[in-house]
Amino acid sequence: MTVVVPLIIGQIVRQYIKDWLERKKPPFGAISSCVLLMIIYSTFCDTFSNPKIDLDTFSLILIVFIIFSLQLSFMFLTFFISTRKKSGFTAADTVAVIFCSTHKSLTLGIPMLKIVFSGYEHLSLISVPLLIYHPTQILLGGLLVGTMKSWMVTRQKALNLARQVKIPV
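This is a predicted model, so every value here is computed, not measured.

## Some details on the nonpolar core
And step 1. Counting six residues, the largest nonpolar core is built from Ile40, Leu106, Ile110, Leu113, Leu130 and Leu131.
And step 2. When contributions to this core are tallied by element, the ones reaching two or more residues are helix 5 (106-116) and helix 6 (123-166).
And step 3. Here this core takes three residues from helix 5, the largest share from any one element.
And step 4. Apart from the residues within four sequence positions on either side, Leu106 is in contact with Ile39, Ile40, Pro111, Leu130, Leu131 and His134.

Here it is in structure tokens:
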């Protein structure tokens, strides 16, 4: 109910105010970013201010290492699968697959955790991996943008060159 009901209400209301929205163009991007920041902030505060969290430094470092390794593994796996000749993906498609297939968000994950584990006293402890995964994907994505862009441009140039060679003049 926490996720689906607001979505349905928003879709219904949108039908009636669509023209007004197109005329006024409210700053939904900025509003969305602020709401996301507040969700992340409140979740961090709830998690790490809970005296029952009982999370030692070694466990936290281990969780960070595991999540970082999983994220990199999933990115390499999607890269490997999407660059196979039979996949049918272009270089741009491959970049989209890599970044989108491994993307998980706190905005959906935290409400789902709160629904599934409602009333569970160690909810803060369960949310720690998600709190680490979200910044990790942003960090890795930021680090890989330049590399992926140059790979995509090189791949597209090679494809265009191959096409030109095959065309009889």
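Continuing now.
## So, a nonpolar patch on the surface
And step 1. On the surface, Val4, Val5, Ile8, Ile9, Ile12, Val13, Tyr16, Ile17 and Trp20 cluster together into a nonpolar patch covering about 830 Å² of accessible area.
And step 2. Note on placement: Ile12 falls in helix 1 (residues 4-24).
And step 3. For Ile12, a relative accessible area of 45% gives the class partly exposed.

## Details of the state of the cysteines
And step 1. This model, assessed by the stated rule, comprises zero disulfides.
And step 2. The thiol sulfur of Cys34 is not disulfide-bonded, and the nearest other cysteine sulfur, from Cys45, lies at 16 Å.

## Quick word on the packing of helix 3 (residues 57-82) against helix 4 (residues 91-101)
And step 1. Viewed as axis vectors pointing N to C, helix 3 and helix 4 meet at an angle of 150°, and their least axial separation amounts to 9 Å. In terms of their interaxial angle, helix 3 and helix 4 are classed as roughly antiparallel. Both helix 3 and helix 4 take part in a crossing whose hand is right-handed. Here Met75, Thr78, Phe79 and Ser82 of helix 3 come into contact with helix 4, specifically with Thr94, Val97, Ile98, Phe99 and Ser101.
And step 2. Its residues placed into classes, the contact of helix 3 with helix 4 shows five nonpolar, four polar and no charged.

## Here's the deal with unusual backbone geometry
And step 1. Its identity as a non-glycine residue notwithstanding, Lys25 has a phi of 45°, on the positive side.
And step 2. Considering the arrangement of structural elements, one finds Lys25 in the loop between helix 1 and helix 2 (28-48).
And step 3. For Lys25, a relative accessible area of 62% gives the class exposed.

## Overview of helix 4
And step 1. What helix 4 keeps buried is the set Ala91, Thr94, Val95 and Ile98. Angular distribution of buried residues about the axis of helix 4 spans 100°; they occupy a single face of the element.

## Details of the confidence of the model for the protein
And step 1. Taken residue by residue, the protein gives an average pLDDT of 86. The fraction at 70 or more is 96%.
And step 2. When mean pLDDT is taken per element in the protein, helix 3 scores highest with 92 and helix 5 scores lowest with 81.

## As for the side chain of Gln71
And step 1. The residue Gln71 is located in helix 3 in this model.
And step 2. A distance of 2.6 Å separates the side chain of Gln71 from the side chain of Tyr133, its partner in a polar contact.
And step 3. Aside from chain neighbours lying at most four places away, what touches Gln71 is Thr102, Tyr133, Thr136, Gln137 and Leu140.

What counts and what doesn't
Residues numbered from 1 in each chain as written. Predicted model: local features only at pLDDT ≥ 70, side-chain atom pairs only at ≥ 80, totals over all residues. Heavy atoms only, no water. Core = buried A, V, L, I, M, F, W, Y, C linked by side-chain atoms within 4.5 Å. Buried < 20%, exposed > 50% of the residue type's maximum accessible area, 1.4 Å probe, protein only. Helix = DSSP H or I, 4+ residues; strand = E, 2+ residues; numbered from the N terminus. Contact = heavy atoms within 4.5 Å. Patch = residues over 30% accessible without salt bridge, like charges linked within 9 Å, V, L, I, M, F, W, Y side chains within 5 Å. Areas by Shrake-Rupley, 256 points an atom, 1.4 Å probe, with all protein chains shown as cover. Salt bridge = Lys/Arg side-chain N within 4 Å of Asp/Glu carboxyl O. Disulfide = S-S within 2.5 Å. Axes fitted to C-alpha atoms, helices over the stretch in contact; angles between N-to-C directions. Parallel < 35°, antiparallel > 145°, perpendicular 65-115°, else oblique. Left-handed = near helix turned anticlockwise from the far one by under 90°. Nonpolar A, V, L, I, M, F, W, Y, C, P; charged D, E, K, R; others polar. Arc of directions from axis to C-beta. pLDDT = per-residue confidence, 0-100. Polar contact = N/O pair within 3.5 Å; in protein donor to acceptor, adjacent residues only side chain to side chain.

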